[in-house]
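# Observations on the model geometry
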Amino acid sequence: MAATAAIALLAVAAPTAPPAWADGDGNVSVGTLLAARTHPAVQLTSLTFSGEVVVPTADVRQNALNELAAQIQVLVTAGKIPSDEPSMYKYMFKRMAANVDKYLMPTSPKRTVEARIGGMCTGWWVTPDGYMVTGAHCVDMSDEDLSQTFAQQALQKFNEEDAKEIIAGLENVVADEELIQAAQQLYINFNSAHMKLENLQKSLSVLQSLPGGGVDKTAKEVPAELVSVGESYPGKDFALLKVNNQQNLPTVPLGDDSDVQTGNTLYISGFPGLVTNTPFFSIESKLDPAMTEGPYNARRTTTEGVPYIQTQAPSYHGNSGGPVFSPDGKVIGMLIAGTVSDGGEASENESFVLPVSIIKEKLNEKNVKPSASLTTTKYNEALDAFFAKHYKDALPLFREVQALQPNHPYVAKYITDSQQAISSGKDETPQPVWLWIVIGVGVLLAVAGGLALLMMMLRRRKRAATTTPSYGQAYGGAHAAAISRQDERPAWQQAAPRQYALPQGESSGSASPGAYAQGGPSQDRYPPQDQYPRQQDGRQGYDQRGYEDRGYDAQRDGHQQYDQYGQPSQAPDGATRYVRPAPAAYPQGSERNVADLEREVAELRRRLGQRQPPDA
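As a starting point, this report considers the structure included with it.

### As for the pairing of strand S8 (residues 239–242)
- Of the two faces of S8, the one carrying Ala 239 and Leu 241 and the one carrying Leu 240 and Lys 242 are both buried.
- Pairing analysis gives four bridges linking strand S4 (residues 131–134) to S8, with the strands arranged antiparallel. Bridging from a neighbouring strand, Val 133 pairs with Leu 240 of S8.
- Taken together, the four bridges between strand S7 (residues 225–229) and S8 define a ladder with antiparallel strand orientation. Residue pairing across strands places Val 229 opposite Ala 239, the latter belonging to S8.

### So, the environment of Ala 224
- Within the secondary structure, Ala 224 is located in the loop between strand S6 (219–223) and S7.
- Once the C-alpha coordinates of Ala 224 and Leu 47 are considered, the two residues, 177 residues apart in sequence, prove to be 10.0 Å apart.
- The contacts of Ala 224, once residues within four sequence positions are left out, are Leu 204, Ser 205, Val 206, Leu 241, Lys 242 and Val 243.

### Remarks on the pairing of strand S10 (residues 290–301)
- Here six bridges tie strand S9 (residues 265–270) to S10, and the two strands are oriented antiparallel to one another. In the sheet register, Ile 268 faces S10, and the bridge partner there is Thr 292.
- Where S10 meets strand S11 (residues 307–311), five bridges bridge the pair, whose relative direction is antiparallel. Residue pairing across strands places Arg 300 opposite Tyr 308, the latter belonging to S11.

### Looking at the state of the cysteines
- If you walk through the whole model with that rule in mind, you get one disulfide.
- Each disulfide pairs two cysteine sulfurs, and for Cys 121 the partner residue is Cys 138, the sulfurs being separated by 2.3 Å. On the sign convention where negative means left-handed, the S-S torsion of about -80 degrees between Cys 121 and Cys 138 marks this disulfide as left-handed. With Cys 121 in strand S3 (residues 104–125) and Cys 138 in the loop between S4 and helix H5 (143–154), this pair connects stretches of sequence that are 17 residues apart. For the residue pair Cys 121 and Cys 138, the accessibility class agrees, reading buried in each case.

### Let's talk about the packing of helix H1 (residues 30–38) against helix H11 (residues 374–387)
- In the contact formed by H1 and H11, the axes pass within 10 Å of each other and the chain directions differ by 145 degrees. For the pair H1 and H11, the crossing hand works out as right-handed. In contact with Thr 32, Leu 33, Ala 36 and Arg 37 of H1, H11 contributes Tyr 379, Asn 380, Leu 383, Asp 384 and Phe 387.
- Partitioned by chemical class, the residues of the contact of H1 with H11 number five nonpolar, two polar and two charged.

### Description of the side chain of Thr 122
- Relative to the helices and strands, Thr 122 is located in strand S3.
- The buried category is assigned to Thr 122, whose relative accessible area is 0%.
- Of note is the side chain of Thr 122, whose polar atom sits 2.9 Å from the backbone oxygen of Gly 318.

### Details of the packing of aromatic side chains
- For the structure shown, the criterion picks out eight aromatic pairs.
- Here the aromatic rings of Tyr 233 and Tyr 308 are separated by 5.0 Å at their centres, their planes lie at 75 degrees, and the arrangement is edge-to-face. A residue pair is termed long-range when its members are at least 10 positions apart, and Tyr 233 in the loop between S7 and S8 and Tyr 308 in strand S11 qualify at 75 residues.
- Since its relative accessible area comes to 1%, Tyr 308 is described here as buried.
- When the ring of Tyr 379 is compared with that of Tyr 414, the centres are 6.1 Å apart and the planes differ by 70 degrees; the resulting orientation is edge-to-face. Remark: Tyr 414 occurs in helix H13 (residues 411–423) and Tyr 379 occurs in helix H11; sequence separation between them is 35 residues.

Procedures and definitions
Residues numbered from 1 in each chain as written. Predicted model: local features only at pLDDT ≥ 70, side-chain atom pairs only at ≥ 80, totals over all residues. Heavy atoms only, no water. Buried < 20%, exposed > 50% of the residue type's maximum accessible area, 1.4 Å probe, protein only. Helix = DSSP H or I, 4+ residues; strand = E, 2+ residues; numbered from the N terminus. Pairing = 2+ DSSP bridges. Contact = heavy atoms within 4.5 Å. Disulfide = S-S within 2.5 Å. Axes fitted to C-alpha atoms, helices over the stretch in contact; angles between N-to-C directions. Left-handed = near helix turned anticlockwise from the far one by under 90°. Nonpolar A, V, L, I, M, F, W, Y, C, P; charged D, E, K, R; others polar. Polar contact = N/O pair within 3.5 Å; in protein donor to acceptor, adjacent residues only side chain to side chain. Phe/Tyr/Trp six-rings, centres within 6.5 Å; stacked < 30°, edge-to-face > 60°.

Structure representation (structure tokens):
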């Protein structure tokens, strides 16, 4: 076979029966992320023609056949062909197939067969409401291509029957495989040349998964309307389809020609015919696109002035119309053609991509504005969380996607995978920010509470350290001794005495601020002494608490004044008042404490009664 290669459009050439971003994160490759994000918007498209194939019966032109037989005898005599009959018939069939109308003519009866042929390509959603981009050669066929495709599929039965009939007319000839093939080729050429198509119908469709499951369910064909079509390669090989009654479809974003340049890696997504045409793969497997990658080699221009990108990313029949992505996940073109051998076999040498600038130009002509759907936005958010192993965050997002687009081909599996990862303890979802705020506030409150408690304890210790010695240190001498003796009393009597303000003098009507002990349990102030009745008209006066008022002087009428403990009263600044101990804090309900108090009061009155009254 010749080594030269030809450019071929990468639609599915063989006739088929009707069908039933940014850099990678961690260990996730760029290709994996791109495939996950873009594959939901990449769909398998189907082009189908159906009609009646009418073929006449072939009759031999006897005169031409006799001339050919004479020529064969001459060649046998000359030794240029073998003299056995099989060899002579093989030579004859080959000469007739090379100029079929010279040796055969159409006649009646005409034979009719209903036929249906199809080809598959790749398309992709550009709007949430059902606009799809694909290649022009994916939505139509030339008359010549159409006839050849029908002939290959619909005429096979007629070709085999006609060849069998003519070989049966050869007497005493045992037909080998080479002779049978030569006879069939004769009728292939004749029937194809004289075949007519009647009641021809064409349909375009997109294969979508049924509701409820993605690619693990049976697919259905959804009719598509042809909105716009360009010229096949080497022209602007572009077509725009519309599928009605669609919403929230997954979409892919369009980039710019300048997003990539020579040396960048390109990624092609699509449906290779070697999978979709084989009977060995399930329908759900055929609905999963394949992704290939390769370098951007060069920018080319066809003879019609249309720019194309040359890349070594592999492509195959059926990839035609598929989107081509830059590493950041934006469409920079559409796969149209690739190199094939003379035998029509796909070659991985080069692929040719229609730039995205031409795609945008054609979309603008129809006023179609590419846009991202809410499905795509939520799905991409879910994928980001999924690949970061934040499965608990990803799971509700995937469920939102499923609610938005029940026919989404992959979300059901991602939901299952997320649930299994959570159950297996593989989730690495970080705690929400609000929880950290609550924890932080709680820690701050705990620290603040601890500090407040510590400060309160320190204050109490300070009061305990400063309150007790203040009695003895303030007055000293005999009064300090009296206070010291107070500690010999029972514990219930050892409460700190109340302190009462000492006035600066009799003429002063207010208490001296310096007379208070800071932090004591009580800071009662007695009114100035002159407010209480004193001895008048020869009668003794008493203060408000019933104690005999002895006046202000420590000595009066030559007699020393004493406090309730029998100690001489001393006046630091001349005049003084009694500094009586504050009542002890007795536990409520204690009969013993009340009795002790009564005894103390009686003892105090006894001592006061023993003292000499002042002279009148």
